[in-house]
Amino acid sequence: MTTTTDTARYARIAVERGIDRYPDGLLYRIPIALDGVNGIGGVTLGDHVTVPLGRGDSRVHGVVVGIGGDELLDKKITADRVKTILEIDRTSDPMPGIVVRLAQWIASYYCAPIGVTIAGITPSAVRKGVGRVKKIAVDIATPLASPLVSPKGKVARLHPKRQAVIDAIARRPQSQRPVDIDELRAECSLGTRAPILALIKSGHLQVTHRTSVQAKWRASTIDEARAPEPTADQHKVIESVGEALNQGFSQHLLFGVTGSGKTEVYLRLAARVLATGRSVLYLVPEISLTPQTGGRIVARLPNDRMAILHSGLTAAQRHEQWIVASQPGPKIVIGARSAIFAPIPDGELGLIIVDEEHDQSYKQDQAPRYHGRDVAIRRAQLSACPIILGSATPSLESWFNAKKRGVSQLHQLPNRAPGLMTPRVEIVDFRKETVLRRDRRVHLVGPTLEVALRQGFAAGGQAIILLNRRGYANWIACPDQNCGWMMQCAHCEAGMVVHHDVGAGKTLKFTRCHHCHAEQKVPSRCPRCAKTVTIFGLGTQRVEEELERLFPDLAAQGSIARVDSDSMTQASDFHETLGRFARGEIRLLLGTQMIAKGLDFPNVQVVGVISADTALNLPDFRASERTFQLVSQVSGRCGRSAQPGRAIIQTFQPDAEPILAAARQDFSGFAQRELEVRERYGLPPVHRLARVIIRHEQQSQAEEIAAQVRGKLAGIPAAKSVIIRDPAPCPIARIADRWRFQIEILAQAPATLQQFLAAARTLAILTPGEIMVVDVDPVALL
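What counts as what
Residues numbered from 1 in each chain as written. Predicted model: local features only at pLDDT ≥ 70, side-chain atom pairs only at ≥ 80, totals over all residues. Heavy atoms only, no water. Pairing = 2+ DSSP bridges. Helix = DSSP H or I, 4+ residues; strand = E, 2+ residues; numbered from the N terminus. Expected span 1.5 Å × (residues − 1). Buried < 20%, exposed > 50% of the residue type's maximum accessible area, 1.4 Å probe, protein only. Contact = heavy atoms within 4.5 Å. Polar contact = N/O pair within 3.5 Å; in protein donor to acceptor, adjacent residues only side chain to side chain. Axes fitted to C-alpha atoms, helices over the stretch in contact; angles between N-to-C directions.

**Q** Outline the pairing of strand β30 (residues 728-735), listing residues and values.
**A** The pairing of β30 with strand β31 (residues 738-747) spans four bridges and is antiparallel. When the sheet's bridge partners are listed, A728 is paired in β31 with Q742. The turn linking β30 back onto β31 is made up of two residues, and A736 within it adopts a positive phi angle of 55 degrees.

**Q** I'd like a description of helix α1 (residues 97-109), backed by residues and values.
**A** Between its first and last C-alpha, α1 extends 18 Å over 13 residues, near the 18 Å set by a 1.5 Å rise per residue. When we look at burial in α1, the residues that qualify are G97, I98, V99, V100, L102, A103, I106, A107 and Y109. Those residues of α1 hidden inside the fold are in contact with β4 (58-68), α2 (114-121), α11 (372-383), β28 (688-696), α22 (750-762) and β32 (772-776). C111 sits one or two residues past α1 and shows a positive phi near 55 degrees.

**Q** Give a detailed account of the pairing of strand β3 (residues 48-53), specifying residues and quantitative values.
**A** Counted residue by residue, β3 has six buried out of six residues, so it is predominantly covered. Of the two faces of β3, the one carrying H48, T50 and P52 and the one carrying V49, V51 and L53 are both buried. In this sheet, β4 lies alongside β3 in antiparallel orientation, the contact comprising six bridges. Paired with V51 across the two strands is V60, which belongs to β4. Between the end of β3 and the start of β4, which pair antiparallel, lie four residues, with G54 showing a positive phi angle near 80 degrees. Bridge count for β3 against strand β6 (residues 87-88) is two bridges, and the pairing is antiparallel. Bridged to T50 within β6 is E87.

**Q** Give a detailed account of the side chain of T393, specifying residues and quantitative values.
**A** Considering the arrangement of structural elements, one finds T393 in the loop between β15 (386-391) and α12 (396-405). Judged by relative accessible area, which is 2%, T393 ranks as buried. Reaching out from T393, the side chain makes a polar contact with the side chain of Q633 at a distance of 3.1 Å. Excluding its chain neighbours within four sequence positions, the residues that come into contact with T393 are H358, F628, Q629, S632, Q633 and F667.

**Q** Give a detailed account of α12, specifying residues and quantitative values.
**A** In terms of burial, α12 is largely enclosed, as seven of its ten residues are buried. Among the residues making up α12, those that are buried are L396, E397, S398, W399, F400, N401 and A402. Of the residues trailing α12, G406 is marked for its positive phi of about 70 degrees.

**Q** Give a detailed account of the sheet that holds β15, specifying residues and quantitative values.
**A** Strand order in the open sheet made by the seven strands is β12-β13-β11-β14-β15-β10-β16, with parallel pairing throughout. Among the strands making up the open sheet, the edge pair consists of β12 (306-309) and β16 (409-413). The mean angle between the axes of side-by-side strands here comes to 15 degrees, regardless of whether they run parallel or antiparallel. Here strand β11 (residues 279-283) pairs with strand β14 (residues 349-355) via five bridges, running parallel. Bridge pairing in β14 places Y282 opposite I353.

**Q** I'd like a rundown of unusual backbone geometry, residues and numbers included.
**A** Both trends apply: most residues other than glycine have a negative phi, and most peptide bonds are in trans. A cis amide bond links A367 with the next residue in sequence, P368, at an omega value of -5 degrees. Summarising the element assignment, P368 is placed in the loop between β14 and α11. A cis amide bond links P684 with the next residue in sequence, P685, at an omega value of 10 degrees. With respect to the helices and strands, P685 occurs in the loop between α20 (667-680) and β28.

In short, shape yes, function no, at least from these values alone.
In structure tokens, the structure reads:
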């Protein structure tokens, strides 16, 4: 019996547009044909729909983020002005309700339009159906077809091949039916589909048309010995966190030195969750770490229900893995930042793991500017499951939450796993090493590091060299001090970087801006005084050149590899390079921060840091923290076997506290001192920070708009509870022809900051777009 109602029903729709005037989504009427109250298969939360937008009623895609009745109407929106939903897109699975609520929280907390937020959650490959193919599946007909009985009343006998098909289907449990027609043909060893098609024609089999996604790809595996017996420290953490499983939300910080076996803790806890029939979401910061971690999971936790999600996949692969993540049943979903939005069914998530939680790459630099770690915490709250944040160098935010605020339970692994040697860290004063050189040339690899490398190679070991600056040289200038010319980008207030492009037997030299990516030829003479320009500074390409000169035999064998965003243009490039390094084909791996974390290669005996000062003097209050993290993490890449490791840290500031603390592996002491500085100056994590950036082609206009915005913000009643700093030029004042001014807003508590930002959005003072950027909890201030 069908029920009817005179009450109209409405839906809030997040359309893929940067519309911030309606933070809850645009309101649309649900037509009777799509109303679940009056019909079957109505509009539900998370559905993908098509709606008319604008004066021309353009058909646009959207997602249902709310459903209700007349209470959704207000004085500005009357029933006669509400447009109607056109159709539901049944080719895409609805977005899980928890993911919808997560998107709403992101849009609110990070001051982003809900439509932009929703659009960033579902991969375009999924929305466009990339890789989707139609397939035929069959099952035994119900009721059984009458042709089984002959006209004389005798039961007709089927041909043996047809009977084999019926028997093969009948043996399967109901959960594995209907069966793909090609899979069934292979199972029954049939040369063609003919026997199956005959059974369909005779009515013995019924057909189901299904859509699936196909992609030529599978997760790599790692040959790994049987699971090691947990140490006493690991066992303590496993049991402590294990007690919290299936007990609702809880937040845990796992602080373990490099090589202490954090991954072993993760895998054992994941196994417990899978055994209860629930799923695990495992986040890693870099695409490069995903295959290695995924391979370990496959080797240790054999489970054909594993989805790997990251931007390095092809569109079809991403769609395929998205479908795997959305299927009911226990599974592990592993991936980089965006994997936090994996469509794991509501009620199924049992544990979230955020490895290397301190990593800056968890923060997205485009709208919505969310932090993957903090969004993961929010998803754990919505899913009522525990979350583990793990790191050898925790972010000061996470450390503060555990030590000061008490919102996170702290677990520690203070020792390396059995059989792993603690690396010997040596700080080298590079000012003295430069003086020691007889040839008076500038060398980037000092004598101490060179000797250590030669000794390591002679012993059959491998080495990792870190320089967190790509390119060849970062200064192009006139040698005449009276002239003072230095090459800068024509579109940014930043210097150009020299790059070398080697190909076809020759080297092409050019300059590139690392902010707007503009390129120019390398000038031979100063445009002011015509003197020959000087190129100096450092970059990974220059270090590579020097290493090839120092170790010509390795270079001739192709055993030296450089890893940065210039040389690794695709994720597969990095995976292949790591594979060659694991097999010993590459003896010397040089790179940027991509190689500084998470990688585990037992034969690495020497680690060298070309310049530990790269980030130390940047105009960013997190510079010391980042320097400590980078030096600590890369030092931990050696000594991962019975062979002792040696880390050589070259620096022009050997007395700098972050470098000394990293050499001592003294995170607790460094964190305590750094937090005291942050508290003294009212900086995060003691206070919460939001950054408003005004961008304009005209410098005067940018400055004027910033002053106006600052004045309006100060006029909000809630402004009494926050600190609003005066507009100031950003450290990099112009990028891509747009001048940049910033306004910093500080508050003692997250709720205070959120209330103020919400009021500013309601009054249309904060309107994120081309001119204005709102960055809540920023991690970079340049």
